[in-house]
Amino acid sequence: MKKTRSIYLVMTALTIMLGILSRKIDFIPLFIGDVLYAIMVYFGFRAVWLHLQPFYRILLPLLFCFLIELQQLAQWPWLVFIRQTTLGHYVLGQGFLWSDLLCYTFGIVTALGCDLLVGNIAKK
């Protein structure tokens, strides 16, 4: 079980690095960062909750990502201040976009597919 958790933590860390890198390279479309953000959230949730059923593997990270996106509609001064910091910008984002919800959905479904594929290969 520790080995599985550490694999998910490594996947989370690698996805974070890819996500930051995707924001630094000009020719990579911005939506790739949103897809990678959702993948990172998925693997982070999997690292914490190893035995979730596939439905909840999708639902919980998707709900988290959607709530992060929806909070961007709030313009409370203290929240705007947090978003202006580097870490706050990476975690909370800047402005609400409907397209981000699609990116999050695609990222989480992609992560689930990879998770199930790797899990099935490992069982053989």
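See the structure shown above.
### Focus on the overall build of the protein
Item 1. Helices and strands together make up the secondary structure of the protein, namely six helices and zero strands.
Item 2. Counting from the amino terminus, helix and strand elements in the protein follow one another as α-α-α-α-α-α.
Item 3. Over its C-alpha trace the protein gives a radius of gyration of 15 Å, about what one expects of a compact globule, namely 14 Å for 124 residues.
Item 4. Oriented by its inertia axes, the alpha-carbon framework of the protein measures out at about 50 × 30 × 25 Å.
Item 5. Counting every position in the protein, which comprises 124 residues, the buried fraction comes to 36%.
Item 6. The contacts of the protein with a sequence gap of at least 6 include a subset with a gap of at least 24, amounting to 64%.
Item 7. Of the roughly 8,200 Å² of accessible surface on the protein, 77% is carried by carbon and sulfur atoms.
Item 8. Charge-centre separation for the protein: the mean point of 10 positive side chains lies 17 Å from the mean point of 5 negative side chains.

### A word on the environment of arginine 46
Item 1. Mapped onto the elements, arginine 46 comes out in helix α2 (residues 31–48).
Item 2. Classification of arginine 46 by relative accessible area gives buried; the value is 6%.
Item 3. Distance in space between the C-alpha atoms of arginine 46 and threonine 105 is 16 Å, their sequence separation being 59 residues.
Item 4. Those residues in contact with arginine 46 that lie beyond four places of it in its chain are Tyr8, His51, Leu52, Arg57 and Asp115.

### Quick word on the packing of aromatic side chains
Aromatic ring pairs: the centre-centre distance and the angle between the two ring planes describe each pair.
Item 1. Counted according to the given criterion, the structure contains eight aromatic pairs.
Item 2. On the basis of an interplanar angle of 40 degrees and a centroid distance of 5.3 Å, the ring pair of phenylalanine 45 and tryptophan 49 is categorised as tilted.
Item 3. Centroid distance phenylalanine 96 to tryptophan 98: 5.0 Å. Interplanar angle 85 degrees. Geometry classified as edge-to-face.
Item 4. For phenylalanine 96, a relative accessible area of 17% translates into the label buried.
Item 5. Through a chain of ring-to-ring contacts, the aromatic side chains of Tyr8, Tyr42 and Phe43 assemble into a single cluster.

### Examining the side chain of glutamine 71
Item 1. Residue placement: glutamine 71 occurs in helix α3 (residues 54–71).
Item 2. Here the side chain of glutamine 71 touches leucine 92 through a polar contact of 2.8 Å, landing on its backbone oxygen.
Item 3. With near-sequence residues (within four places) excluded, glutamine 71 lies in contact with Leu79, Arg83 and Leu92.

### Some points on the nonpolar core
Item 1. Tyr37 and Cys65 are the most contacted members of the largest nonpolar core, which has 26 residues in total.
Item 2. Of all the elements in the fold, those that place two or more residues in this core are α2, α3 and α6 (98–123).
Item 3. Considering every element that reaches this core, the biggest residue donor is α2, with eleven residues.
Item 4. Dropping the residues within four chain positions of it, cysteine 65 is found in contact with Tyr37, Ala38, Val41, Tyr104 and Ile108.

The rules behind the values
Residues numbered from 1 in each chain as written. Predicted model: local features only at pLDDT ≥ 70, side-chain atom pairs only at ≥ 80, totals over all residues. Heavy atoms only, no water. Helix = DSSP H or I, 4+ residues; strand = E, 2+ residues; numbered from the N terminus. Rg over C-alpha atoms; globule rule 2.2 N^0.38 Å. Buried < 20%, exposed > 50% of the residue type's maximum accessible area, 1.4 Å probe, protein only. Contact = heavy atoms within 4.5 Å. Areas by Shrake-Rupley, 256 points an atom, 1.4 Å probe, with all protein chains shown as cover. Lys, Arg positive; Asp, Glu negative; His and termini not counted. Charge placed at Lys NZ, Arg CZ, Asp CG, Glu CD. Phe/Tyr/Trp six-rings, centres within 6.5 Å; stacked < 30°, edge-to-face > 60°. Polar contact = N/O pair within 3.5 Å; in protein donor to acceptor, adjacent residues only side chain to side chain. Core = buried A, V, L, I, M, F, W, Y, C linked by side-chain atoms within 4.5 Å.

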